[in-house]
Amino acid sequence: DSGVTQTPKHLITATGQRVTLRCSPRSGDLSVYWYQQSLDQGLQFLIQYYNGEERAKGNILERFSAQQFPDLHSELNLSSLELGDSALYFCASSPLGRTDTQYFGPGTRLTVL
Amino acid sequence: AQTVTQSQPEMSVQEAETVTLSCTYDTSESNYYLFWYKQPPSRQMILVIRQEAYKQQNATENRFSVNFQKAAKSFSLKISDSQLGDTAMYFCAFSKASNSGYALNFGKGTSLLVTP
């Protein structure tokens, strides 16, 4: 158990819908990263937050957005869902003393029908 | 852009034997970090080992060790005394040292099967 929690574990929804994925980092970790794992694209970095502020962006679609709240939990919002958005979404956090190292949550499996 | 290449899509090893997984990367950065992550059938991503590029000494974690060749941009993972629980997908990852964070670039992975 990495200490990073993600909810829900599984999500099944229809095309065109909007969903929110939630992540709680390890206690004391200020950085949160979001990744997408799909068969087509492999593991891709989406976005990073540090202490409530966006720090870096990767291959994140305009239909996707994220935020980190004052209690440091983060949410990834996916809208106008398409079949190709079906993937495993991971959240990771990194400790203050070792900000280069990331510990991953169990992931949220999103299925878009 | 940094790229990470894992040239072995699948490998197999017998229990108690040693296996080496290959990884090469391409970067113009001088300060960076390299990682191996393990993804068992549960799909959890588990950090196996970490290497700082400015350290010449190869990292080790129990049965796991790396062979880091900076000039060759090579970062292989050696698993000694393989166990059935080592069966998993293994991902090599790179991150550059940056004030804007340490986003990971992953390779496509090597599927390792440990057989009795």
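A. Spatial organisation of the interface of chain B and chain A. Taken together, the contacts link 18 residues of chain B with 21 residues of chain A. Both faces considered, chain B and chain A share a buried interface measuring about 1700 Å² in area, 53% of it formed by carbon and sulfur atoms. Where chain B packs against chain A, one counts one salt bridge. The partner of D100(A) in a salt bridge is R50(B), and the shortest N-O contact between them spans 2.5 Å. For the pair chain B and chain A, the interface holds nine residue pairs in polar contact (both at pLDDT 80 or more). Of all the secondary structure elements, the ones that give two or more residues to the side of chain B that touches chain A are strand 5 (32-39), strand 6 (46-52) and strand 10 (88-96) of chain B. A class-by-class count of the residues in the side of chain B that touches chain A yields ten nonpolar, six polar and two charged.

B. Seen up close, unusual backbone geometry. Residue and element names in this part refer to chain A. Put simply, T7 and P8 share a cis peptide bond, and its omega is -10°. A positive phi angle is found at N51, which is not glycine, with a value near 50°. Assignment of secondary structure puts N51 in the loop between strand 5 (42-50) and strand 6 (53-57).

C. Molecular detail of the sheet that holds strand 1 (residues 5-7) of chain A. All names here are of chain A. Spatially, four strands are ordered 1-3-8-7 in an open sheet, and the strand pairing comes out antiparallel. A strand with exactly one partner marks an edge of an open sheet, and here the two such strands are strand 1 and strand 7 (64-68). Strand-to-strand twist in this sheet, taken as the mean axis angle between neighbours without regard to direction, amounts to 15°. Relative to strand 8 (residues 74-78), strand 3 (residues 19-24) runs antiparallel, the two sharing five bridges. Bridge pairing in strand 8 links T20 to N77.

Thresholds applied
- Residues numbered from 1 in each chain as written.
- Chains lettered and ligands numbered in written order.
- Predicted model: local features only at pLDDT ≥ 70, side-chain atom pairs only at ≥ 80, totals over all residues.
- Heavy atoms only, no water.
- Contact = heavy atoms within 4.5 Å.
- Buried area = accessible area lost by both parts, 1.4 Å probe.
- Salt bridge = Lys/Arg side-chain N within 4 Å of Asp/Glu carboxyl O.
- Polar contact = N/O pair within 3.5 Å; in protein donor to acceptor, adjacent residues only side chain to side chain.
- Helix = DSSP H or I, 4+ residues; strand = E, 2+ residues; numbered from the N terminus.
- Nonpolar A, V, L, I, M, F, W, Y, C, P; charged D, E, K, R; others polar.
- Pairing = 2+ DSSP bridges.
- Axes fitted to C-alpha atoms, helices over the stretch in contact; angles between N-to-C directions.

On their own, these measurements won't tell you what the molecule is for.
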